[in-house]
Amino acid sequence: MARARKSEPKADVAIVGAGMGGLIAAIEAAGKGARVTVLDKLGPMIGKGIKAHGFGWFGNETCRAGGGGLDHVEPEMPVEELLAMHLKQGWGRVDLELLRLFHERVLGDIRWLRDDLGLPFTSTGSLFGSILLQTVHVKGRGPGLMRFLYQAAEKRGIEIRFETKVLELLTGDLGEVIGLRARDAGGTRDIHAGAVVLAAGGFEGNNEMMLRYVGPQITYGAVISGCPTNTGDGHQMALEAGAQLTNMSVCHINTTNRLLSEGPTRRLRNIWPGGIYVNKEGQRFIDEGTADSDTLSNAIAYQPGSVAALIFDERARLMDPEAYAAYPYKDKLIRSAATIEELAETIEMPPAQLRRIVNEFNASVEGKAHRLETPPYYAYYPVVPGLNHTLGGVKINTAAQVIDRENRPIAGLYAAGSMVNWSFGKPFTVAGVTSYMGNYHIRSSKKGGALGGLSTALVFGRIAGERAAQAAIKKPKLRKS
Ligand SMILES: Cc1cc2nc3c(=O)[nH]c(=O)nc-3n(C[C@H](O)[C@H](O)[C@H](O)COP(=O)(O)OP(=O)(O)OC[C@H]3O[C@@H](n4cnc5c(N)ncnc54)[C@H](O)[C@@H]3O)c2cc1C
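All of the points below concern the structure found in this document. (Residues numbered from 1 in each chain as written. Predicted model: local features only at pLDDT ≥ 70, side-chain atom pairs only at ≥ 80, totals over all residues.)

### Description of the overall build of the chain
- Check the secondary structure of the chain and you find 16 helices and 24 strands.
- With 481 residues in all, the chain has 52% of them scored as buried.
- Sequence-distant contacts, at least 24 apart, represent 75% of the contacts inside the chain between residues at least 6 apart. (Helix = DSSP H or I, 4+ residues; strand = E, 2+ residues; numbered from the N terminus. Buried ≥ 20, exposed ≤ 12 C-beta atoms within 10 Å, placed from the backbone. Contact = placed C-beta atoms within 7 Å.)

Take a look at the structure:
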């Protein structure tokens, strides 16, 4: 962290990162009259799009998407009830103040996107057809959302400097943040600002941080299905300014296939619950009936070679023949055979072992699960864990101010998006593997519910933008006259 002399600011608010969190903060700050500069080390949408910015679904768990558009979205349960449920289900580290604020604001903020900014939503509905995850969809999904936000920012006179990497924060004599140092093709320069908003994403692309905070199994066992250029720069800058980091070990990982970055739990969502997962040695390692895709992916990371095969039969395939038919890369990823033993050979698994495991499974089947006994048999292989993003991050207060290690706000420093701690889940262990129920998807209604990264970035991005603008504009000594 560099020390700099106080000088007139070039911007009221400088924002690190042009993702959802950064752009929302920028638009909000500009709306409050601030001159805003956004810096991003990447070019616009280069290597990002869907991957970095999600699919454009807004988890909207305080609401029920009743069909017919946002006007029909109604709160599903009172905030107090939701919070009580979190307290009961949470793992003791849920920040209830932030959660309350999120629940109180999310619907209004989604409406602000639609009504004030004009963001086109295609529909309301449910994510992956699930009644658990009530959501609204954005036209054009992730890329559509980001393009819309760039244009909205430009219209409001916000300066966005791409291919400009922020290196460090500038601080004043009292430790307050007064700007940042950045490097672009023209060299290194100091940009003074009345307030800085950090919105630099997670640290999934930083092996050193992953090892330090998360551990080797996920660092080396998972492939990055999110944004490999999110290297925790914002976390590091915040740390140097004295910030508190929290829940840094928590990640969101999902099954992937290395080709699509979407494993069977996404594209074959109606088929995968009809199968069993086995590791390279032909051993089952998880109770498929209770595992969500995060738990499953966590467990796969701990298996030999960090790979698994999904074994299913014709009856499971017929649970969703359209999805199966439409599945790209079937030829590369799914083998079929008339017997379990032949199937085992196609994926180089010991045939007798796989037969034994399937027999054991069939003998123990109860309730809704079905036996694997209808040929042909299928093996989806390899299924690997894909690291979407980290969830731990800087501690903020309800004004999105970054909190220091003495629990005081750091003057001039705000944060939003996935670099803010937003892990609100409860750990549980299946087959010796600890996972986090709702680490990414807050359970927030009786049915469940989704707290997506986009909603988090939206709510706290708006707060950060508003508060940063207010702080910057009321600093007469630091303002350009
Ligand atoms: C595969 C996938 C699917 C997803 N699906 C959904 C979904 O359907 N719904 C949902 O709600 N969420 C979803 N998410 C999560 C969601 O995309 C993220 O939580 C959200 O986009 C985070 O926004 P952000 O602004 O915090 O970070 P990002 O969008 O990652 O932006 C951070 C920006 O900071 C920049 N940056 C980093 N360091 C520096 C530096 N030193 N200097 C300058 N710039 C820097 C980066 O280049 C980047 O552009 C998904 C995520 C993934 C990976």
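### Points about the nonpolar core
- Residues Val13, Ala26, Val196, Val197, Ala415, Ala416 and Ala468 are the most contacted members of the largest nonpolar core, which totals 123 residues.
- Broken down by element, the residue count for this core peaks at 11 residues, all from helix H16 (residues 453-473).
- In this structure, this core is formed jointly by two domains, domain 1 (2-250 + 391-478) and domain 2 (254-386), each of which donates at least three residues.
- If near-sequence neighbours (up to four positions away) are discounted, Ala26 is found in contact with Ile15, Val36, Val38, Ala153, Ile158 and Gly465. (Core = buried A, V, L, I, M, F, W, Y, C linked by C-beta atoms within 7 Å. Domains from an automatic or database assignment.)

### Notes on the environment of Lys41
- Tracing the backbone shows Lys41 in the loop between strand S3 (36-39) and helix H2 (50-53).
- Classification of Lys41 as buried rests on a count of 22 C-beta atoms within 10 Å.
- Remark: the alpha-carbon pair of Lys41 and Phe162, spanning 121 residues in sequence, is separated by 6.0 Å.

### Remarks on the pairing of strand S19 (residues 377-390)
- Most of S19 sits inside the fold, with 13 of its 14 residues counted as buried.
- Taken together, the two bridges between strand S13 (residues 223-224) and S19 define a ladder with parallel strand orientation. In the strand pairing of S19, Ile224 is matched with Leu387.
- By the bridge criterion, six bridges tie strand S15 (residues 251-256) to S19 in an arrangement that is antiparallel. For Cys251, the partnering residue across the bridge sits in S19 and is Thr390.
- In the sheet, strand S17 (residues 308-313) pairs with S19 via five bridges, with the strands oriented antiparallel. Across the sheet, residue Ala308 finds its bridge partner in S19, namely Val383.
- Across four bridges, the pairing between strand S18 (residues 334-337) and S19 is antiparallel. Bridge pairing in S19 links Ser336 to Tyr378. (Pairing = 2+ DSSP bridges.)

### Overview of unusual backbone geometry
- Here the bond from Pro375 into Pro376 is cis, since omega is 0 degrees, no more than 30 degrees from zero.
- Residue placement: Pro376 occurs in the loop between helix H15 (351-364) and S19.
- Here the bond from Tyr381 into Pro382 is cis, since omega is -5 degrees, no more than 30 degrees from zero.
- Mapped onto the elements of the fold, Pro382 is located in strand S19.
- The backbone phi angle of Glu348 is positive, close to 50 degrees, even though this residue is not glycine.
- On the secondary structure map, Glu348 appears in the loop between helix H14 (340-346) and H15.
- Even without a glycine there, the phi angle at Asn407 is positive, about 70 degrees.
- The residue Asn407 is located in the loop between strand S21 (401-403) and strand S22 (409-415) in this model.

### Observations regarding H16
- Taking 1.5 Å as the rise per residue, H16 with 21 residues should run 30 Å; its terminal C-alpha atoms sit 29 Å apart, in good agreement.
- Within H16, 18 of the 21 residues are buried, which leaves it mostly tucked inside the rest of the structure. (Expected span 1.5 Å × (residues − 1).)

### So, the packing of helix H4 (residues 96-115) against H16
- Relative orientation of the contacting elements H4 and H16 amounts to 90 degrees, with a least axis distance of 9 Å. In terms of orientation, H4 lies roughly perpendicular with respect to H16. Along its contact with H4, which presents Phe102, Arg105, Val106, Asp109 and Leu113, the element H16 presents Ser455, Leu458, Val459 and Arg462.
- Among the residues forming the contact of H4 with H16, the class breakdown is five nonpolar, one polar and three charged. (Axes fitted to C-alpha atoms, helices over the stretch in contact; angles between N-to-C directions. Parallel < 35°, antiparallel > 145°, perpendicular 65-115°, else oblique. Nonpolar A, V, L, I, M, F, W, Y, C, P; charged D, E, K, R; others polar.)

### Here's the deal with H15
- Taking 1.5 Å of rise per residue, 14 residues should cover 20 Å, and H15 covers 20 Å from first to last C-alpha, within 8% of that figure.
- Turning to H15, its buried residues are Leu354, Ile357 and Val358. Viewed along the axis of H15, the buried residues span an arc of 95 degrees, placing them on a single side of the element. Turned more than 90 degrees from where H15 packs its buried face, Ala352, Glu360, Ala363 and Ser364 sit exposed.
- Where the residues of H15 are buried, they touch strand S16 (276-278) and H14. (Arc of directions from axis to C-beta.)

### Remarks on the pairing of S22
- With five of seven residues buried, S22 lies mostly within the body of the structure.
- The pairing of strand S12 (residues 187-198) with S22 spans three bridges and is classified as parallel. Across the sheet, Val196 pairs through a bridge with Leu413, a residue of S22.
- Both S21 and S22 contribute to a ladder of two bridges, which runs antiparallel. Within S22, the residue paired with Gln401 across the bridge is Tyr414.
- The antiparallel pairing of S21 with S22 creates a hairpin that spans five residues between the two strands, and Asn407 there sits at a positive phi of about 70 degrees.

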